[in-house]
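In case you want the letters, here they are:
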Amino acid sequence: MSELTQASVRTEVRAWLEDNWDPDASLVEWRTKLADSGWGMPAWPKAWFGRDLPQAFTPVVDEEFALANAVGAAKTGIRLLAAATLLEHGSDEQKATYLRRILTGEDAWCQLFSEPGSGSDLAGATTRADFDGERWIVNGQKVWTTSAHHADFGLLLARTDWDVPKHDGLSYFVLDMRQDAVEVRPLRQMNGHASFNQVFFTDAVIPPENQVSTTGNGWKVAMTTLMHERRGSDALRSFTRAKGLPGRMYEEERQEIETVMEPYKWYPQRAGRVDLVIERAEETGKLSDPAVRQEIARLLTMSRSAEWTARRARAAQQQGRPQGPEGSLGKLAGSNVARQASLVHTMISGADAMLTNADSPRDGVIAEILVSVPATSIAGGTDEIQRNIIAERVLGMPKEPRMDTGPFRDVKRN
Ligand SMILES: Cc1cc2nc3c(=O)[nH]c(=O)nc-3n(C[C@H](O)[C@H](O)[C@H](O)COP(=O)(O)OP(=O)(O)OC[C@H]3O[C@@H](n4cnc5c(N)ncnc54)[C@H](O)[C@@H]3O)c2cc1C
């Protein structure tokens, strides 16, 4: 077998794109081809729509797609957390049922974890799933569920045993969101978007084949989902840069961005838009202000070192080391960067940063940054929770005192 190098992968993917890329095909038709060829997710296993390529080759493949203006697989949002979780823990039947339609974008997913009384304390979930002899019946409520209003399926963490300690009584399921027993109510955020929801279950049904963990082992599976979330696997990947190009595929991708991807359109602002800082400092004349320069330098130092930490984590993963708490380090670094970026944008724009109309800086984007950045410190586990994880699992500090051991039924809760 010829040796695998960046150059050989580049040649192979380029030739494949030359033979196959057709902007006038339908989006689903094209993405089905991507799934079958493995080029949509080259680092995934060959048996499951990938090519078994080391992760380090993915950027080369992405670059070739960008050069050809070719649309990629649907690798955005929570559907990617679903894919990562099913690849690791799902049955072959579940992988066969769901993975292809994740990559084609035909199915959208949501993550049904947080509840009104359990966000940080996720293991305290009280949404219940009871087996009636034939299927699981779900009752309870979730909250902050991003994209539930578009979702076909949800990753559900539910309590299946109340008589064991809280972490041991949870199970993990795929729930069909398109049933009357699931009611989705949107919530409005302070940045004006309504990307997340309350979700109520009244005797919602899950067939046994949709159980992902064994009964009582849901916590372990949920940790896989969360580790991928903290590593930013669900981040908004760039779409094709071919805005405005003619072709059925570009039109269908545009429609997808406007509908299913709509909940994520403020995510770049939530990360602080470090990319805008120098431009904004130049256009406002603040680049020569020593106080602003100092804070910009601090921001870029934090941002670069966060990027290097993320690369180190990826390298460790490529060498086959299991995922560790580096996701928590990365997530915390991302929060610090976003907060510093928000401070710098405020220093640069001054009171104008509060304007949101068409005359405001960058059409309201700066204001949107200021009211979106706080979400970075909450989503996927708060900063305080990441610090607890780092303290206990990296630094080996004593664990927090626990008041919640023993059967969950007897634990005092909200
Ligand atoms: C943009 C966004 C999208 C989200 N999307 C989803 C989604 O799709 N699906 C989903 O299930 N959830 C989602 N969430 C919810 C998110 O996971 C929770 O908000 C988060 O885990 C915190 O839980 P909570 O809101 O219940 O806060 P709480 O747990 O009530 O925390 C309140 C405060 O207490 C602090 N605190 C709590 N426990 C401790 C402790 N042990 N030590 C120190 N401090 C502590 C917290 O850090 C926080 O400051 C989303 C949130 C955001 C902001």
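Look a little higher up for the structure.
The following refers to the structure shown. (Residues numbered from 1 in each chain as written. Predicted model: local features only at pLDDT ≥ 70, side-chain atom pairs only at ≥ 80, totals over all residues. Heavy atoms only, no water.)

Turning to the overall build of the protein chain, a few remarks are in order. Regarding its fold elements, the protein chain presents 13 helices and seven strands. For the protein chain, the spread of C-alpha atoms along the three principal axes comes to 65 × 55 × 40 Å. Counting the 414 residues in the protein chain, one finds 47% classified as buried. Taking the contacts inside the protein chain whose residues are at least 6 apart along the sequence as the reference set, 73% of them involve residues at least 24 apart. Here the protein chain has roughly 20300 Å² of accessible surface; of this, 52% comes from carbon and sulfur atoms. Averaged over its 49 positive side-chain charges, the protein chain has a centre that lies 5 Å from the centre of its 57 negative ones. (Helix = DSSP H or I, 4+ residues; strand = E, 2+ residues; numbered from the N terminus. Buried < 20%, exposed > 50% of the residue type's maximum accessible area, 1.4 Å probe, protein only. Contact = heavy atoms within 4.5 Å. Areas by Shrake-Rupley, 256 points an atom, 1.4 Å probe, with all protein chains shown as cover. Lys, Arg positive; Asp, Glu negative; His and termini not counted. Charge placed at Lys NZ, Arg CZ, Asp CG, Glu CD.)

With their axes 10 Å apart at the nearest point, helix α9 (residues 277-284) and helix α11 (residues 326-349) run at an angle of 10 degrees to one another. Regarding the angle of α9 to α11, the classification is roughly parallel. Taken as a pair, α9 and α11 cross one another with a handedness that is left-handed. Along its contact with α9, which presents V277, R280, A281 and T284, the element α11 presents V344, H345, I348 and S349. (Axes fitted to C-alpha atoms, helices over the stretch in contact; angles between N-to-C directions. Parallel < 35°, antiparallel > 145°, perpendicular 65-115°, else oblique. Left-handed = near helix turned anticlockwise from the far one by under 90°.)

We now examine helix α12 (residues 365-372). Inspection of α12 places I366, A367, E368, I369 and S372 among the buried residues, and these make up the whole buried set. Against α8 (267-270), α9 and α11 lie the buried residues of α12.

Near the ligand there are 21 residues, and of these S114, S120, W144, T382 and E384 occur at the shortest range. Take T146: an N or O atom from its side chain is 2.8 Å from a nitrogen atom of the ligand. With respect to the ligand, the side chain of N388 contributes an N or O atom lying 3.1 Å from a nitrogen atom. Notes on the ligand: free accessible area 980 Å², of which the protein chains cover 70%. When residues of the shell around the ligand are traced back to their parent elements, those giving at least two are β3 (136-146) and α13 (383-394). For the shell around the ligand, the residue count by class is nine nonpolar, nine polar and three charged. (Near = heavy atom within 4 Å. Polar contact = N/O pair within 3.5 Å; in protein donor to acceptor, adjacent residues only side chain to side chain. Nonpolar A, V, L, I, M, F, W, Y, C, P; charged D, E, K, R; others polar.)

Applying the stated criterion across every chain, the model contains 30 salt bridges. The salt bridge partner of E251 is R254, with a shortest N-O separation of 3.0 Å. Of this pair, E251 and R254 both sit in helix α7 (residues 248-258), three residues apart, which is roughly one turn of the helix. Given the relative accessible area of 31%, R254 is considered partly exposed. Across the salt bridge formed by D404 and R402, the nearest N and O atoms sit 2.6 Å from each other. Residue class for D404 comes out buried when judged on its relative accessible area of 14%. Classification of R402 as partly exposed rests on a relative accessible area of 47%. Through salt bridges with shared partners, one network takes in R10, R14, E63 and E64. (Salt bridge = Lys/Arg side-chain N within 4 Å of Asp/Glu carboxyl O.)

Shape is all these values report; function is a separate question.
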